[in-house]
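Structural overview
So the chains spell out like this:
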Amino acid sequence: MTIEGQVVLNVWSEQETALLAQRIAGLAKPGTVLALDGDLGAGKTTFSQKFAKAIGVTDIVNSPTFTIIKEYEGAAMPFYHMDVYRLSLEEADELGLDDYFFGDGVTIVEWASLIEELLPPERLEIYIAHKGGEERQFRISGIGEPYASWSDAFSNEMGAGNNDD
């Protein structure tokens, strides 16, 4: 289902989350920024792990909650995994995140809405809602190009419209 520029996808298993992550990873290139949000336990880190695997990261990917930023080498490009939950906007600004956002890798920022002013103007925003059991709802919004055009691809290829909410 597409709602005002937003694609809503329900997934019922971790395997389906992996398929969505693979699809997005297939579109990613250096400088790609994915802004993840959702409640605690919604699946932000699980999605990040599946995405990392899809771009060829062989290391164990875990939450960067206490380290803030973790860097991994992927087969296709570097992967920068951030968790800004514990940072103030000022602290995040001092970290020089632009070096990652506009660098040679792909960046996933968990809790991205907390530093929205620091995010690049073009990004893919993903909100993950826990719906019970293994079911998750992904609300995906492309901000700027090329991300705005990705929403149609997700809608067509991933079976958007699979929910009646």
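Residues numbered from 1 in each chain as written. Predicted model: local features only at pLDDT ≥ 70, side-chain atom pairs only at ≥ 80, totals over all residues. Heavy atoms only, no water.

1. Observations regarding unusual backbone geometry
This is how the line gets drawn: To qualify as a helix, a DSSP run of H or I must reach at least 4 residues; to qualify as a strand, a run of E must reach at least 2; elements of each kind are numbered from the N terminus. Burial classes: relative accessible area under 20% of the type maximum marks a residue as buried, over 50% as exposed, and values in between as partly exposed (1.4 Å probe, protein chains only).
The omega angle of the peptide bond from E145 to P146 is 10 degrees, so this bond is cis rather than trans. Its place among the elements puts P146 in the loop between β8 (135–143) and α5 (147–157). Here I68, not a glycine, exhibits a phi torsion of approximately 75 degrees, which is positive. The class of I68 is buried, set by a relative accessible area of 15%. Of note in this structure, W111 is not a glycine but carries a positive phi near 65 degrees. Note that W111 resides in the loop between β6 (106–110) and β7 (123–132). What makes W111 buried here is its relative accessible area of 14%.

2. Re the pairing of strand β4 (residues 69–73)
The following threshold applies: If DSSP finds at least two bridges between two strands, the strands pair.
Across five bridges, the pairing between β4 and strand β5 (residues 78–83) is antiparallel. Across the sheet, the residue bridging to I69 is M82, located in β5. Remark: four residues form the turn of the hairpin made by β4 and β5, two consecutive strands paired antiparallel.

3. Some thoughts on the confidence of the model for the protein
Note the threshold: Within a predicted model, pLDDT stands for the predictor's per-residue confidence, ranging from 0 to 100. Pairs of residues are marked as contacts when any of their non-hydrogen atoms sit within 4.5 Å.
Residues of the protein with pLDDT of at least 70 account for 90%, and the chain-wide mean is 90. Taken as a whole, residues 160–165 scores under 50 in pLDDT and shows 20 contacts with residues more than four places along the chain or in a different chain.

4. Examining a negative patch on the surface
So the rule is basically this: Patch criteria: residues need more than 30% relative accessible area and no salt bridge. Like-charged residues are merged within 9 Å; nonpolar side chains of Val, Leu, Ile, Met, Phe, Trp and Tyr are merged within 5 Å. All accessibility values rest on the Shrake-Rupley procedure with a 1.4 Å probe; residue burial counts only the protein chains present in the view. By definition, a salt bridge exists where a carboxyl oxygen of Asp or Glu is found within 4 Å of a side-chain nitrogen of Lys or Arg. A positive count includes Lys and Arg, and a negative count includes Asp and Glu. His and the chain ends are not counted in either. In plain terms, the charge of a residue is placed at NZ if it is Lys, CZ if Arg, CG if Asp and CD if Glu.
A cluster of acidic residues, E90, E91, D93, E94, D98 and D99, forms a negative patch at the surface. Of all the elements in the fold, those that place two or more residues in the negative patch are α3 (89–94) and α4 (98–101). At four residues, α3 tops the list of elements feeding residues into the negative patch. Tracing the backbone through its elements, the reader meets D93 in helix α3. By relative accessible area, D93 is classed as exposed at 51%.

5. Examining the packing of aromatic side chains
Two aromatic rings, taken as a pair, are described by how far apart their centres are and by the angle between their planes. Basically, it comes down to this: Each pair of aromatic rings taken from Phe, Tyr and Trp, with Trp reduced to its six-membered ring, is defined by centres within 6.5 Å and is described as stacked if the planes are under 30 degrees apart, edge-to-face if over 60, and tilted in the remaining cases. Each ring is checked for a lysine NZ or an arginine CZ that lies within 6 Å of its centre and within 35 degrees of its normal; such an atom marks a charge sitting over the ring.
Under the defined criterion, the tally for this structure stands at seven aromatic pairs. Ring plane angle 50 degrees and centroid distance 5.9 Å describe the contact between F47 and F138, whose orientation is recorded as tilted. Of the two residues, F47 is situated in helix α2 (residues 44–54) and F138 in strand β8; the sequence distance between them amounts to 91 residues. F138 sits in the buried class, given a relative accessible area of 1%. Aromatic pair Y147 and W150: ring centres 4.9 Å apart, planes at 70 degrees, arrangement edge-to-face. In this pair, Y147 and W150 are both assigned in helix α5, three residues apart and thus about one turn of the helix distant. For W150, a relative accessible area of 6% corresponds to the buried category. Site record: aromatic cluster; members linked through ring pairs are F47, F51, Y72, F79 and F138. Between the NZ or CZ atom of K44 and the centre of the ring of W111, over which it lies, the distance is 4.1 Å.

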